[in-house]
Amino acid sequence: GSLCQRGDDVRTIKLCSRGLTRAKNIPPYHGPNKMRDCYCTVNLDQEEVFRTKIVEKSLCPFYGEDFYCEIPRSFRHLSFYIFDRDVFRRDSSIGKVAVKKEDLQKYHGKDTWFPLQPVSADSEVQGKVHLELRLSEVITDSGCVSVCRVLECQGLPIVNGQCDPYAAVSLLGPSRSDAKKTKVKRKNNNPQFEEVFYFELSLFFVFRVDLWNASNLKFGDEFLGGVRVPLRVLGQAGVHDAWYFLQPRENGGKSVKVEELGSLRLNIVYTEDHVFPSEHYTPLRDLLLHSANVEPVSASAAHILGEVCREKQEAAIPLVRLFLHYGKIVPFISAIAHAEVNRTQDPNTIFRGNSLTSKCIDETMKLAGMHYLQVTLKPIIDEICADHKPCEIDPVKLKESENLDTNRENLRQYVDRIFNVITTSGVRCPTVMCDIFFSLRESAATRFQVDQDVRYTAVSSFIFLRFFAPAILSPNLFQLRPHHPVSSTLPTTNANFKESYMAAFYDYFNEQKYADAVKNVSTYSQGRNRFGMKNFKKRWFRLTNHEFTYHKTKEGALCSIPIENILAVERLEEESFKMKNMFQVIQPERALYIQANNCVEARDWIDILTKVSQCNRKRLSTYHPSAYLNGHWLCCKLSADAAPGCTPCTGGLPANIQLDVDGDRETERIYSLFSTYMSKLINMQEACGSKSVYDGPELEEYSSFVIDDPQETYKTLKLIVSAVQTLEQQHTKYKRDKFKKTKIGSQ
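Residues numbered from 1 in each chain as written. Predicted model: local features only at pLDDT ≥ 70, side-chain atom pairs only at ≥ 80, totals over all residues. Heavy atoms only, no water.

**Q** What is the right way to look at the overall build of the protein in this model?
**A** When its secondary structure is counted, the protein shows 16 helices and 27 strands. Buried residues in the protein amount to 46% of all 747 residues. As presented, the protein carries roughly 38500 Å² of accessible surface, and 50% of it is formed by carbon and sulfur atoms. (Helix = DSSP H or I, 4+ residues; strand = E, 2+ residues; numbered from the N terminus. Buried < 20%, exposed > 50% of the residue type's maximum accessible area, 1.4 Å probe, protein only. Areas by Shrake-Rupley, 256 points an atom, 1.4 Å probe, with all protein chains shown as cover.)

Below, the structure written as structure tokens:
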């Protein structure tokens, strides 16, 4: 995560999520074809951070895209630009929506129509300038002499790939002075000027400082922004030192009627969290991490957060990151999934709703499965986008130059290939996902014992519908493509079988081999037996999907180790047997030590054995990097041969997951949510009291809460409220102290 500010051991972290719904009444194109091919960008000031798909031939484009990001720097405006794609020339901007940072809370969580504003170079301003103004002790015949010192600028925009800024300083008053210019600072959007200018004046004058980008183009230098500072700010001290935000040039834009540009519908969510040192979060964090062990799980702090939040996604994002960071995501999701399955009456609706369970699994797959998506889908999606083969099979949308049979065959081949890469990718599925899928299968199979397919559908609904399908439909959101592909390029056919052309296409894939492939990819995790061997001998090794065997000759296995028996595969320190290129295959009761012929072969064996065994349910989280010899482990010196490992295994979560997640920051986000929904926590406490003493019809305001055990839930709620109130006091003190220390005009 990127931290925006740091001071007094408190970190400020800014998050923004945006739902780009649609635009309407875009002005028509000037020509015989009135329609436009529009896309929308999201910008921090003028820096683009996200781009939607292109909606072709529409003046009311529907986007329906969500974007979530952490804001890594300070900014003034959150801006949205509508562009019209031009195949032959540079894409033209139609209009923009710019929301000031301080105004974001006005629109927080609300669907809002914003009128598009005109885009002009004079209004595209960002950055700030540091000025020092003072009165000189020198007095001339014309009056006082004032000094303007241009110190530096920060965050100037990069225009057409460059920023060569200079400052122009002039004096506005009864008689305007000529502008005096600083030197040009080449290729620097944070220039240090440190130049001083002298002017004769009276206190009725105003200093004007404009920033320009020195351009070699025939159109002249580009305006970057300016400020006007009246000399009355000098006061009695005669000195003024301050930072100023650069402002747009007055009357710089063209006279365009706003209503002619159309409007854009947005849902903006902006949060700013102040993260304290870790010890402040201990009570709330421990309460959350204990959730998987609470009986019933509906009485746990994590489950209660999902109950009080307006959107389950709000709760799922920080909960998943917190539990991932502390290695407790699998037991937590297993617990809430088991409870949800037990509440489900129809196996056909299992995990179909937007419950806390489904949202948590979605978020876990996004975090832990990103690399899995990359290696599985990126090659085929890159190939599809490079081929540019048409795949439209809706006769109504077919272009004149296209052939329906050809398009159908293109689509069939692409879908077949994508299906195959998915159903053969089980060996690469991250361990944490495999463990979760195993838990889902077990819960579903136990709950619906008559339905033999539920163990597969419970898993495949996540793998296909909620993991791979969104990545194929919007590859740019999963870092598979830099931008959303052209709609006719990627096979994003809507599976609505009421359409006759889709029903016929679906029939091709409605064969047993495809059903078997889905079942195969849904059965990643297995149980275990027990096995072990010892002693060094030269042996042949053979690996299949089901077993790891070794042989005295190429024929006839001396020993077979089922893949599900492999608890971990790790390197073995050379000190153990004074032998290089050693690794160990750890089983329930002992480890098999193996020496490869060279370091490359050792790495290959470790890699492939880890991949085929990483789905095993009882895989270890720690191991001993050295052997057990002469009554103790050489690594940690413990004497018990069954002592837990002393080093974390390398085959668990992707290496970057635990490093990238800040547990304190996620706990702060959860505190903020509890604080926001405090009234619902109080209502839930009242609901617990009502359920405990009254068995009659439930009050409508309490009916939305899942409360299986009123007494346990009430105990947890009391602890949550106490922890939140304590943190609330810390925040109040921090904000009060920060306000006292803040100096207007400081950076």
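Now that the structure is up, let's keep going.
**Q** Sorry if this is basic, but what is going on with the packing of helix α14 (residues 663-676) against helix α16 (residues 710-741) here?
**A** Helix packing geometry: the angle between the two helix axes and the distance between the axes. At a closest axis distance of 10 Å, the pairing of α14 and α16 adopts a crossing angle of 105°. Relative to α16, α14 is oriented roughly perpendicular. Residues Glu668, Tyr671, Phe674 and Ser675 of α14 form the contact with α16, whose own contacting residues are Ile720, Val724, Leu727, Glu728 and His731. Residues of the contact of α14 with α16, tallied by class, amount to five nonpolar, two polar and two charged. (Axes fitted to C-alpha atoms, helices over the stretch in contact; angles between N-to-C directions. Parallel < 35°, antiparallel > 145°, perpendicular 65-115°, else oblique. Contact = heavy atoms within 4.5 Å. Nonpolar A, V, L, I, M, F, W, Y, C, P; charged D, E, K, R; others polar.)

**Q** I tried to follow α16 on my own but got confused; where do I start?
**A** Since the α-helix packs 3.6 residues into each turn, any two residues three or four apart lie on the same face. Spanning 32 residues, α16 covers 46 Å between terminal C-alpha atoms, matching the ideal 46 Å at 1.5 Å per step. Burial in α16 covers these residues: Pro710, Thr713, Thr716, Leu717, Ile720, Val721, Ala723, Val724, Leu727, His731 and Tyr734. Among the residues of α16, the N-terminal cap falls to Asp709, whose side-chain oxygen and the backbone nitrogen of Gln711 are separated by 3.2 Å. (Expected span 1.5 Å × (residues − 1). Polar contact = N/O pair within 3.5 Å; in protein donor to acceptor, adjacent residues only side chain to side chain.)

**Q** What should I look at first to understand the environment of Pro318 in this one?
**A** Its location among the elements puts Pro318 in helix α3 (residues 312-325). The spatial distance from the C-alpha of Pro318 to the C-alpha of Arg669 is 6.6 Å, given a sequence separation of 351 residues. The contacts of Pro318, once residues within four sequence positions are left out, are Glu666, Arg669, Ile670 and Leu673.

**Q** Explain the nonpolar core here, please?
**A** For soluble globular proteins, nonpolar side chains are generally found buried alongside one another. By size, the foremost hydrophobic cluster in this structure holds 97 residues, and its most contacted members are Leu319, Phe332, Leu377, Phe437, Leu440 and Phe674. Among the elements that line this core, the one with the most residues is helix α9 (residues 454-473), at 10 residues. Cys153, Phe193, Val227 and Leu231 belong to the second largest nonpolar core, which has 31 residues in total. (Core = buried A, V, L, I, M, F, W, Y, C linked by side-chain atoms within 4.5 Å.)

**Q** Just checking my understanding: could you explain helix α1 (residues 282-289) for this structure?
**A** For α1, the set of buried residues is Leu284, Arg285, Leu287, Leu288 and Leu289. Looking at the buried positions of α1, the neighbouring elements they touch are α2 (301-308), α3, α14 and α16.

**Q** In this structure, what is going on with the packing of aromatic side chains? I would like to understand it.
**A** Aromatic ring pairs are described here by two measures, namely the spacing of the ring centres and the angle between the planes. Tallying each qualifying case throughout the model produces 20 aromatic pairs. Ring geometry for Trp212 against Phe223: centres 5.5 Å apart, planes inclined by 75°, an arrangement best described as edge-to-face. Here Phe223 lies in strand β15 (residues 222-230) and Trp212 lies in strand β14 (residues 206-213), a separation of 11 residues in the sequence. For Phe223, a relative accessible area of 7% corresponds to the buried category. Relative to Phe468, the ring of Tyr372 has its centre 5.7 Å away and its plane inclined at 70°; by these criteria the two rings are edge-to-face. Of this pair, Tyr372 sits in helix α6 (residues 370-387) while Phe468 sits in helix α9, and the two are 96 residues apart along the sequence. For the pair Tyr372 and Phe468, one class covers both residues: buried. Ring-pair connections join several aromatic residues into one group, and the members of that group are Phe541, Phe548, Tyr550 and Trp605. (Phe/Tyr/Trp six-rings, centres within 6.5 Å; stacked < 30°, edge-to-face > 60°.)

**Q** Explanation requested: the pattern of salt bridges in the structure shown.
**A** Two side chains bearing opposite charge may form a pair once their charged atoms approach each other closely. All told, the structure shown has 29 salt bridges when counted by the stated rule. The partner of Glu56 in a salt bridge is Arg85, with the nearest N and O atoms 3.3 Å apart. You can see Glu56 sitting in the loop between β4 (47-51) and β5 (62-71) and its partner Arg85 sitting in the loop between β6 (77-84) and β7 (92-100), a full 29 residues away along the chain. Residue classification places Glu56 among the partly exposed residues on the basis of a relative accessible area of 28%. On the basis of relative accessibility, which here comes to 22%, the residue Arg85 falls in the partly exposed class. In this structure, Lys101 engages Glu272 in a salt bridge whose closest nitrogen and oxygen atoms are separated by 4.0 Å. Residue Lys101 is found in the loop between β7 and β8 (111-115), and its partner Glu272 is found in strand β17 (residues 263-275); the two are separated by 171 residues along the sequence. Residue classification places Glu272 among the partly exposed positions, given a relative accessible area of 30%. Through salt bridges that share partners, Glu132, Arg134, Arg149 and Glu194 make up one connected network. (Salt bridge = Lys/Arg side-chain N within 4 Å of Asp/Glu carboxyl O.)

**Q** Where do I start with the packing of α3 against helix α5 (residues 356-368) in this structure?
**A** It is the contact of α3 with α5, at a shortest axis distance of 8 Å, that shows an interaxial angle of 50°. As judged from the angle between their axes, α3 and α5 are oblique. Here α3 and α5 pass one another in a crossing that is right-handed. Taken together, the residues of α5 that come into contact with α3 (itself represented by Lys312, Gln313, Ala315, Ala316, Ile317, Leu319, Val320, Arg321 and Leu324) are Leu356, Lys359, Cys360, Glu363, Thr364, Lys366 and Leu367. Among the residues making up the contact of α3 with α5, the classes are represented as nine nonpolar, two polar and five charged. (Left-handed = near helix turned anticlockwise from the far one by under 90°.)

**Q** Which parts of the structure should I look at to understand the pairing of strand β20 (residues 557-562)?
**A** Each regular strand displays side chains that alternate between the two surfaces of the sheet. In terms of strand pairing, strand β19 (residues 547-551) meets β20 through five bridges, oriented antiparallel. Bridge pairing links Phe548 to Ile561 in β20. Hairpin remark: β19 followed by β20, antiparallel, with five residues in the connecting loop; positive phi at Gly556, about 75°. (Pairing = 2+ DSSP bridges.)

**Q** Honestly, the sheet that holds β14 in this entry has me stumped. Any pointers?
**A** The strands making up a sheet associate through backbone hydrogen bonding, with each pair oriented either parallel or antiparallel. The strand order across the open sheet formed by four strands is β12-β11-β14-β15, and the pairing between neighbours is antiparallel. Here the strands that pair on one side only, and so sit at the sheet edges, are β12 (180-181) and β15. Looking at chain direction, strand β11 (residues 165-172) and β14 are connected through eight bridges and run antiparallel. Residue Tyr166 lies in a different strand from β14, and its bridge partner there is Trp212.

**Q** Help me out: how do you make sense of the side chain of Ser79 in this one?
**A** Mapped onto the secondary structure, Ser79 falls in strand β6. Beyond its immediate stretch of four places on either side in the chain, Ser79 contacts Thr41, Val42, Asn43, Asp45, Val97 and Ala98.

**Q** I keep staring at the sheet that holds β4 and nothing clicks. Help me out?
**A** The four strands lie next to each other as β4-β3-β6-β7, forming an open sheet whose pairing is antiparallel. Lying at the two open borders of the sheet, with one neighbouring strand each, are β4 and β7. Averaged over all neighbouring strand pairs, the angle between strand axes comes to 30°, with direction disregarded. Sheet topology note: the strand β3 (residues 38-44)/β6 ladder contains seven bridges and is antiparallel. Bridging from a neighbouring strand, Leu44 pairs with Leu78 of β6.

**Q** I'm lost on the confidence of the model for the protein in this one. Help?
**A** For residues with low pLDDT, the predicted coordinates do not support detailed interpretation. With 86% of its residues at a pLDDT of at least 70, the protein reaches an overall mean of 82. Taking the mean pLDDT of every element in the protein, the minimum, 35, falls on strand β1 (residues 5-7) and the maximum, 96, on α1. Confidence drops under a pLDDT of 50 for residues 1-8, and excluding neighbours within four residues, the segment shows 20 contacts in the predicted structure. Below a pLDDT of 50 lies the segment residues 524-534, which in the model reaches 44 contacts outside its immediate sequence neighbourhood of four places, other chains included. (pLDDT = per-residue confidence, 0-100.)

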